[in-house]
Number of protein chains: 2
Amino acid sequence: MSDIKTYIKENEERFLNELFELIRIPSISSSVEHKEDMLKCAKCWQKHLLAAGVDKAEIMPTDGNPVVYGEKIIDENLPVVLVYGHYDVMPVDPVSEWQSQPFEPEVRDGKIYARGADDDKGQSFIHAKAFEFLVKTNSLPCNVKFLLEGEEEISSPSLPEWCKKNKKMLQSDIIILSDTSMINQDTPSITCGLRGLAYLEVEVKSANRDLHSGLYGGAVANPINVLAKMIASLTDPQGCIKIKDFYKDVIKLNERERKDLNKAPFNLTEYKKDLNIEDVFGEEGYTTIERTGIRPTLDVCGIWGGYTGEGAKTVIPSTAYAKISMRLVPNQNHKTIAQLFQDHFKSIAPKYVKVKVKNLHGGQGYVTPIHSSGYRAASKALRDVYGKTPIPVRSGGSISIISAFDEILGIKSIMMGFGLPSDAIHSANENFPVYNFHKGIEAVTLFYKYFAELMK
Amino acid sequence: MSDIKTYIKENEERFLNELFELIRIPSISSSVEHKEDMLKCAKCWQKHLLAAGVDKAEIMPTDGNPVVYGEKIIDENLPVVLVYGHYDVMPVDPVSEWQSQPFEPEVRDGKIYARGADDDKGQSFIHAKAFEFLVKTNSLPCNVKFLLEGEEEISSPSLPEWCKKNKKMLQSDIIILSDTSMINQDTPSITCGLRGLAYLEVEVKSANRDLHSGLYGGAVANPINVLAKMIASLTDPQGCIKIKDFYKDVIKLNERERKDLNKAPFNLTEYKKDLNIEDVFGEEGYTTIERTGIRPTLDVCGIWGGYTGEGAKTVIPSTAYAKISMRLVPNQNHKTIAQLFQDHFKSIAPKYVKVKVKNLHGGQGYVTPIHSSGYRAASKALRDVYGKTPIPVRSGGSISIISAFDEILGIKSIMMGFGLPSDAIHSANENFPVYNFHKGIEAVTLFYKYFAELMK
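Note that the coordinates shown come from a computational prediction; the quantities given were computed from them, not determined experimentally.

**Examining the overall build of chain A**
Check the secondary structure of chain A and you find 13 helices and 18 strands. In terms of overall size, chain A behaves like a compact globule, its C-alpha atoms giving a radius of gyration of 23 Å where 456 residues would be expected to give roughly 23 Å. Summarising its shape, the C-alpha atoms of chain A cover approximately 80 × 50 × 45 Å along the three principal directions. Relative to its 456 residues, chain A shows a buried fraction of 56%. Long-range pairs, those at least 24 residues apart, make up 78% of the contacts in chain A with a sequence separation of at least 6.

**Description of the packing of helix α1 (residues 4-23) of chain A against helix α2 (residues 35-52) of chain A**
Residue and element names in this part refer to chain A. Orientation of α1 relative to α2, taken along the N-to-C sense of each, is 160°, at an axis distance of 9 Å. For the element pair α1 / α2, the angle class is roughly antiparallel. Of the residues in α2, those in contact with Glu-18, Glu-21 and Leu-22 of α1 are Cys-41, Cys-44, Trp-45 and His-48. When its residues are assigned to classes, the contact of α1 with α2 shows four nonpolar, one polar and two charged.

**With respect to the nonpolar core**
One broad trend across soluble globular proteins is that nonpolar side chains are buried collectively. Membership of the largest hydrophobic core comes to 98 residues, with the highest contact counts inside it found for A:Ala198, A:Val220, A:Leu227, B:Ala198, B:Val220 and B:Leu227. Setting aside residues up to four positions removed in sequence, B:Val220 forms contacts with A:Leu275, A:Ile277, A:Val280, A:Phe281, B:Ser206, B:Ala207, B:Leu211 and B:Ile316.

**Some points on the pairing of strand β6 (residues 143-149) of chain A**
Residues and elements named next belong to chain A. By the criterion of burial, β6 is predominantly enclosed, with seven of the seven residues buried. Neither face of β6 is left uncovered, since the one carrying Asn-143, Lys-145, Leu-147 and Glu-149 and the one carrying Val-144, Phe-146 and Leu-148 both have all their residues buried. Here strand β2 (residues 67-72) pairs with β6 via five bridges, running antiparallel. From the neighbouring strand, Tyr-69 faces β6, where its bridge partner is Leu-147. The pairing of strand β3 (residues 80-86) with β6 spans seven bridges and is classified as parallel. Counted as the bridge partner of His-86 is Glu-149 from β6.

**Some thoughts on the environment of B:Ser31**
You can see B:Ser31 is positioned in the loop between α1 (4-23) and α2 (35-52). Look at B:Ser31 and you get partly exposed, because 16 C-beta atoms sit within 10 Å. For the pair formed by B:Ser31 and B:Lys456, sequence separation is 425 residues and the distance between their alpha carbons is 46 Å. Filtering out sequence-adjacent residues up to four positions away, B:Ser31 remains in contact with A:Gly309, A:Glu310, A:Gly311 and B:Pro91.

**A word on the relation of the copies chain B and chain A**
With an axial shift of 0.0 Å and an RMSD of 0.1 Å, the rotation relating chain B to chain A amounts to 180°. Taken together, these values place the two copies in the relation of a two-fold axis.

**Observations concerning the packing of helix α3 (residues 121-136) of chain A against helix α13 (residues 434-455) of chain A**
Residue and element names in this part refer to chain A. At their nearest, the axes of α3 and α13 sit 8 Å apart, and the two run at 55° to each other. Considering their axes alone, α3 and α13 lie oblique with respect to each other. Crossing angle aside, the handedness with which α3 passes α13 is right-handed. Seen from α3, the contacting residues are Gly-122, Gln-123, Ile-126, His-127, Lys-129, Ala-130, Phe-133 and Leu-134; seen from α13, they are Phe-437, Gly-440, Ile-441, Val-444, Thr-445 and Tyr-448. Class assignment for the residues of the contact of α3 with α13 results in eight nonpolar, five polar and one charged.

**As for unusual backbone geometry**
In terms of backbone geometry, most residues other than glycine have negative phi values and most peptide bonds are trans. A cis amide bond links B:Asp93 with the next residue in sequence, B:Pro94, at an omega value of -5°. With respect to the secondary-structure elements, B:Pro94 resides in the loop between β3 (80-86) and β4 (106-108). For the bond running from B:Asp119 to B:Asp120, omega is 5°, close enough to zero to count as cis. Positive phi is not limited to glycine here, since A:Asp245 has a value of about 70°. Topologically, A:Asp245 is positioned in the loop between α6 (223-232) and α7 (255-261).

**Overview of the domain arrangement of chain A**
Residues and elements named next belong to chain A. As far as domains go, chain A holds domain 1 (4-194 + 365-455) and domain 2 (196-286 + 294-363). Counting residues at the interface gives 16 residues for domain 1, matched by 14 residues for domain 2. Contributions of two or more residues to the side of domain 1 that touches domain 2 are made by β15 (366-367), β16 (391-394) and α12 (400-409). Across the side of domain 1 that touches domain 2, the residue classes tally to seven nonpolar, eight polar and one charged.

**Regarding the interface of chain B and chain A**
At the junction of the two partners, chain B supplies 84 residues and chain A supplies 84 residues. Looking at the side of chain B that touches chain A, the elements with two or more residues in it are β9 (196-205), β10 (211-212), α6 (223-232), α9 (288-293), β11 (297-306), β12 (315-316), β13 (319-328) and β14 (354-363) of chain B. At nine residues, the largest contribution of residues to the side of chain B that touches chain A is made by β11(B). Taken together, the residues that form the side of chain B that touches chain A break down as 35 nonpolar, 33 polar and 16 charged. By the bridge criterion, five bridges tie strand β11 (residues 297-306) of chain A to β11(B) in an arrangement that is antiparallel. Its bridge partner being in β11(B), A:Gly306 is matched across the sheet by B:Gly302.

**What about the pairing of strand β2 (residues 67-72) of chain B?**
Residues and elements named next belong to chain B. In terms of burial, β2 is largely enclosed, as six of its six residues are buried. Both faces of β2 are covered, namely the face carrying Val-67, Tyr-69 and Glu-71 and the face carrying Val-68, Gly-70 and Lys-72. Bridge count between strand β1 (residues 56-60) and β2: five bridges; the pairing is antiparallel. Directly across from Ile-59, in β2, lies its bridge partner Val-68.

**Quick notes on the confidence of the model for chain A**
On average, residues of chain A carry a pLDDT of 94, and 100% of them reach 70 or more. Listed scores for the predicted complex are pTM 0.77 and ipTM 0.76.

**Description of the sheet that holds β4(B)**
Residue and element names in this part refer to chain B. The sheet built from three strands is open, its strands ordered β4-β5-β18 with antiparallel pairing. Single-partner strands in this sheet number two, and they are β4 and β18 (431-433). On average, each strand axis in the sheet is inclined to that of its neighbour by 30°, with strand direction left out of account. As paired elements, strand β5 (residues 111-113) and β18 share three bridges and run antiparallel to each other. Note on β18: the bridge partner recorded for Lys-111 is Pro-433. The strands touched by helix α13 (residues 434-455) are β4, β5 and β18; relative to β18, the strand with the most contacts, the crossing angle is about 60°.

Conventions used here
Residues numbered from 1 in each chain as written. Chains lettered and ligands numbered in written order. Predicted model: local features only at pLDDT ≥ 70, side-chain atom pairs only at ≥ 80, totals over all residues. Helix = DSSP H or I, 4+ residues; strand = E, 2+ residues; numbered from the N terminus. Rg over C-alpha atoms; globule rule 2.2 N^0.38 Å. Buried ≥ 20, exposed ≤ 12 C-beta atoms within 10 Å, placed from the backbone. Contact = placed C-beta atoms within 7 Å. Axes fitted to C-alpha atoms, helices over the stretch in contact; angles between N-to-C directions. Parallel < 35°, antiparallel > 145°, perpendicular 65-115°, else oblique. Nonpolar A, V, L, I, M, F, W, Y, C, P; charged D, E, K, R; others polar. Core = buried A, V, L, I, M, F, W, Y, C linked by C-beta atoms within 7 Å. Pairing = 2+ DSSP bridges. Least-squares fit on C-alpha atoms with pLDDT ≥ 70 in both. Left-handed = near helix turned anticlockwise from the far one by under 90°. Domains from an automatic or database assignment. pLDDT = per-residue confidence, 0-100.

Below you can see the structure in the form of structure tokens.
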């Protein structure tokens, strides 16, 4: 299998062009106006899976955006690997901050710049190309199933139900996906823990109309002032969340576990320099790695109300809004947390405003068993490609479907990510180094080999 | 002069059509994209002043939007009345909340619905039509000067300088304007006090880019969370402002003055019902009339940051913003207050964020002497028209140019407003009852008569 490098070199341009075709479709799942782009993107994936060598590839409806499902069954006695990825992407605003158009991919300094370049079009396309090589060279050592969904960025609302209906078809020994990051270019890692998520929208309403801030100011509650006070009260000065029972189900790691976790290379000076911040901020008594890995958070992801245009308008708005996300750690139930938040937020509303809380979405946290064949195969593959045994890490991000796969299908997932922290996923100027794209294809090819061997 | 009523009746339709012509020009002064509309609106006013009978009407440049100046000098021995108004209007968003197009005036249930219907196109047009009647009937008892500016809604940044340059031309005995409200349809009132204003915009910046809330959440300060805490800390639970020395120059009214102030009819139940609120909110120990009339306030007029679109995006934004206005009472200097705010806001910024504060505009408070000929003439005129002596009130609003007129020109202003609290100025569905428009024309006609008599 040493000629995978040659194969990549020979097909480098074609690989990029194919990936760019996927990227150019603005498949933003959070926005209804991109509904048609979702189907277009699914069809594009179907085409590429068929070209790569699957026996069949179907576009299957769900309650939301369609799923692309493809498979190649070569021998019933061989292990089955289910590749998961998502073809939807995050919104792109503020567009003005992008140095090139978000949906017009371009390679600069060896990096592909575009929305979805990493998350997750670039990373999931690694699997299509590794699979293509193994099929073309008649060296595929496993049966392979592909599952690409179009709702990951909105927390996969339809996929669990679809999985329940297609349980048999999806039967596999392991799920593999690339939708996470490595520690850095020289330090391979495998994500073995994910945070869960509860995401809500709040509305604080005072009067039935916008009011002149001079004629009513001082006598009628201003919903922005009130919302600010309510949000401020949700955390203490150290960022600790002040919602009753919020930390009740959080499992505290022991000293040994915390020590292991902090072995991952981390340079606070570089971290601050990269973000251009004077200082980090987080819960007292925890390192930055712990704060993002094993501790829950509460972040306002968006806030709006009143006059936000140019110049000055003197107004007391009728309503103010905020989108609030809480990252959860394994053992915290996202439904319980959403309910706690809802009850708490309503309980702290002063009587002179009306408060609404809407649960936008949620997902459970997850921990991968690191002694499984899947994890070991991924670890060996990365060691071969990068020359170092990958470090198991707890990621702060959430991929809500991973815990659902475990619950519904009873299959564990291996998060073999090739992204870098500098890839700016979810931000302007998202990018993905071509180097990682190629190394990923090499590593995934090896993963199949090792997984087949370990499963014998 | 009893035929003013007949004159109004005979010309009712023409008056409305002429006013609608002014209203249809979207002269929003806070937005650069309406720059050309400002000139267009000034020219429209020029046309109407000439048609009403001024000797001359000019459009005069300022550092910002032009001023319309017109005059009719009939006899040097007669008193001079300077009519002030503004042809600019407030922005109209959220447009979706309007029941009819903001710049397409329509009369429903006896009210003109449009942006500027009251503030201040409708109210200032009262003066044009009263003047027209007096000219047409050869009964004008005073010399009249008209001054219409295009920057009142952005706090008249250019007018003071222009007044300094045209001091001689503007020489008058009194300034009269209609840009305020009456207590209600049956209760005439004259505004004899205005609050000042300091309006600033704040920016709180954390990292140099938007961050994935999973990967960075808990470890890097979220500028929205921080801004919420900073805003929350600006006021205590009762709405008292916690900026050092903020209340230092506030003159406390004595018990007698407070008692007089509270004589104005006010029905808390109706007030709450009108706004559809459970309760009012404001400084403890003060009535609603006092809270809006003699006490300063701090209101967030707008806030924005992060993802505010449809659905859920998990992001820690790089920056969050707010527009903050403080209504000031006479003797508080808006420049001093803006500086106090700026210093305070910067001082409470935690080291993990960067804060910018921009002073958007400001204006001084004002008190009208109620024993002057101007006030007495206005009072008599309103009594004749409404059958009740008007109540002198302190308004919570700000008309920054009024104190500048006093300082620069040495002329007092009479705020003879015909708006109603239900006119929704600065809000969606701004309106102005045709009844008040007509009563206003009657009253202003009488004002000239009484003023000329009192000045003899």
